[in-house]
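Chain by chain, the residues run as shown.
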Protein chains: 2
Amino acid sequence: MPAKTDHEARRRDVSAAVWRVLAEAGFGGLTLRAVAAELGATTGLVTHYFPSKQALIVHALELAETHTRALVPEYEGRGLEALRSALAAVLPLTPEGTEINRVWVSSWDAALADPELHALEKARYKRWRARLKPLVVDAQDDGDLPAGDPDDLVAGLAAFTHGLVVQALFDPRAFPHKRLTALLDAHLTALSPQG
Amino acid sequence: MPAKTDHEARRRDVSAAVWRVLAEAGFGGLTLRAVAAELGATTGLVTHYFPSKQALIVHALELAETHTRALVPEYEGRGLEALRSALAAVLPLTPEGTEINRVWVSSWDAALADPELHALEKARYKRWRARLKPLVVDAQDDGDLPAGDPDDLVAGLAAFTHGLVVQALFDPRAFPHKRLTALLDAHLTALSPQG
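Residues numbered from 1 in each chain as written. Chains lettered and ligands numbered in written order. Predicted model: local features only at pLDDT ≥ 70, side-chain atom pairs only at ≥ 80, totals over all residues. Heavy atoms only, no water.

Under the annotation held in an unreviewed UniProt entry, chain A carries the name TetR family transcriptional regulator and is attributed to Kribbella voronezhensis.

The structure is reproduced here in structure tokens:
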């Protein structure tokens with residue numbers, strides 16, 4: 001039992017070191033050597049956990065998923081209010097939210113270059129849009145969003161939100177938290193047929 | 001004179017090799033060694049042009065700017081129609097447009113990790129928003145976009161467009177050219193106070 005506990009504690013340490021490297025240097029800075037340095041261990045020890053760079057990247061993406069799930073709550077309620085909360089949860093409104101967004105945006109370089117990671121990111125986008133869709137459909141039924149193909153509205157709202165994330169990561173002073181939520185609110189109001 | 005011409009031709013060859021590496025492997029795959037391999041030359045020769053990895057990345061970003069300027073025309077006309085054209089010019093509607101977008105999105109990893117590149121990308125976003133602003137103001141005057149702070153509308157439209165770019169890069173089958181332009185048109189129509 002102690003051996004197992006030690007092993008698990010060590011795994012957690014390694015994962016925490018991977019996350020710190022990611023948050024600081026992005027996927028471009030994620031190397032076995034950087035993780036070893038962060039951990040104060042040898043590259044050999046890190047290789048024990050990640051036999052390849054690809055294995056390290058895949059673990060980093062799993063970590064990003066775990067951190068995102070911990071931050072973004074299950075949707076509560078329905079319709080426009082739930083949609084607003086779901087989109088706001090993705091914005092970089094807290095230090096953790098900023099860190100997670102920074103990691104995801106940085107992952108796109110690796111994901112565009114590698115077929116396996118490309119497929120994972122494509123599937124992640126599909127899941128996100130599928131989760132937003134019932135909220136959009138309810139908001140349409142309530143007359144809070146315009147009629148039309150809900151998939152198009154979902155894609156547009158996901159686009160708006162991620163596009164704001166990128167601009168805010170590069171210019172946090174021009175996009176303080178208050179402005180980000182105000183932009184989201186104003187956008188949803190402008191789309192409303194009663195707008 | 002022949003020496004100068006040779007030198008310039010060689011520079012063009014090197015730049016073309018940098019661009020091919022970028023379009024294929026992104027910034028994560030951009031190394032002096034990869035450029036040398038693409039060029040069929042030694043790493044030593046490439047080092048002659050780029051003394052450091054940073055110098056190579058900065059040249060790559062300049063190339064991306066040049067390619068973008070060649071593709072995205074000067075805005076013609078005014079108001080909503082000019083705005084629609086300006087935003088459509090950013091979407092991945094051609095092989096060249098897809099390649100350029102793929103390079104820019106991939107550059108965000110490096111740009112988020114490096115203060116010099118971060119400042120360049122922040123300035124690039126500012127310039128883009130400044131170019132869009134007069135078109136948005138005219139469209140507001142014409143009653144084609146809702147009243148309110150034009151800077152907010154510009155940020156939202158830039159967000160919508162780049163967010164679509166990212167989704168389309170990861171799932172081109174779900175976002176064919178026709179759907180991308182239809183999404184943009186529908187979005188501008190939904191924002192219209194007469195919508």
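A. Quick look at the relation of the copies chain B and chain A. With an RMSD of 0.0 Å, the fit of chain B onto chain A corresponds to turning through 180° and sliding 0.0 Å along the axis. What the superposition gives is, in effect, a two-fold axis relating one chain to the other. Looking at the interface residues of chain B, 100% of them are also at the interface in chain A, so both copies use one shared face. (Least-squares fit on C-alpha atoms with pLDDT ≥ 70 in both. Contact = heavy atoms within 4.5 Å.)

B. Representation of the domain arrangement of chain A within the structure. Residue and element names in this part refer to chain A. Domain boundaries in chain A define domain 1 (1-71) and domain 2 (73-195). The C-alpha centroid of domain 2 is placed 28 Å from the C-alpha centroid of domain 1. With 16 residues of domain 1 at the interface, the matching set in domain 2 holds 17 residues. Summing both sides of the interface, domain 1 and domain 2 together bury roughly 1,500 Å²; the carbon and sulfur share of this comes to 65%. On the domain 1 side of the contact with domain 2, Phe27, Leu61 and Leu71 bury the most area, a combined 36% of that side's loss. Summed over the shared surface of domain 1 and domain 2, the number is one salt bridge. Two residues, Glu65 and Arg127, come together in a salt bridge whose shortest N-O distance is 3.0 Å. At the boundary of domain 1 and domain 2, one finds eight residue pairs in polar contact (both at pLDDT 80 or more). For the side of domain 1 that touches domain 2, the secondary structure elements donating two or more residues are α1 (2-25) and α4 (53-71). Top element by residues in the side of domain 1 that touches domain 2 is α4. It accounts for nine residues. Taken together, the residues of the side of domain 1 that touches domain 2 sort by class into ten nonpolar, four polar and two charged. (Domains from an automatic or database assignment. Buried area = accessible area lost by both parts, 1.4 Å probe. Salt bridge = Lys/Arg side-chain N within 4 Å of Asp/Glu carboxyl O. Polar contact = N/O pair within 3.5 Å; in protein donor to acceptor, adjacent residues only side chain to side chain. Helix = DSSP H or I, 4+ residues; strand = E, 2+ residues; numbered from the N terminus. Nonpolar A, V, L, I, M, F, W, Y, C, P; charged D, E, K, R; others polar.)

C. Highlighting the packing of helix α6 (residues 95-113) of chain B against helix α8 (residues 150-170) of chain B. Residue and element names in this part refer to chain B. Where α6 contacts α8, the two axes come as close as 10 Å, and the packing angle between them is 105°. In terms of orientation, α6 and α8 fall into the roughly perpendicular class. Here Thr98, Asn101, Arg102, Val105 and Trp108 of α6 lie close against α8, whose contacting residues are His162, Val165, Val166 and Leu169. For the contact of α6 with α8, the per-class residue count stands at five nonpolar, three polar and one charged. (Axes fitted to C-alpha atoms, helices over the stretch in contact; angles between N-to-C directions. Parallel < 35°, antiparallel > 145°, perpendicular 65-115°, else oblique.)

D. A look at the packing of aromatic side chains. All told, the structure shown has five aromatic pairs over all chains when counted by the stated rule. A ring pair is formed by A:Tyr125 and B:Phe170, whose centres lie 6.4 Å apart and whose planes are at 35°; its orientation type is tilted. Within this pair, whereas A:Tyr125 is found in helix α7 (residues 115-141), its partner B:Phe170 is found in helix α8, the two belonging to separate chains. For the residue pair A:Tyr125 and B:Phe170, the accessibility class agrees, reading buried in each case. Grouped by ring-pair contacts, the aromatic residues A:Tyr125, A:Trp128 and B:Phe170 constitute a single cluster. If you follow A:Arg179 out to its NZ or CZ, it ends over the ring of A:Phe175, 4.7 Å from the centre. (Phe/Tyr/Trp six-rings, centres within 6.5 Å; stacked < 30°, edge-to-face > 60°. Buried < 20%, exposed > 50% of the residue type's maximum accessible area, 1.4 Å probe, protein only. Lys NZ or Arg CZ within 6 Å of the ring centre and 35° of its normal.)

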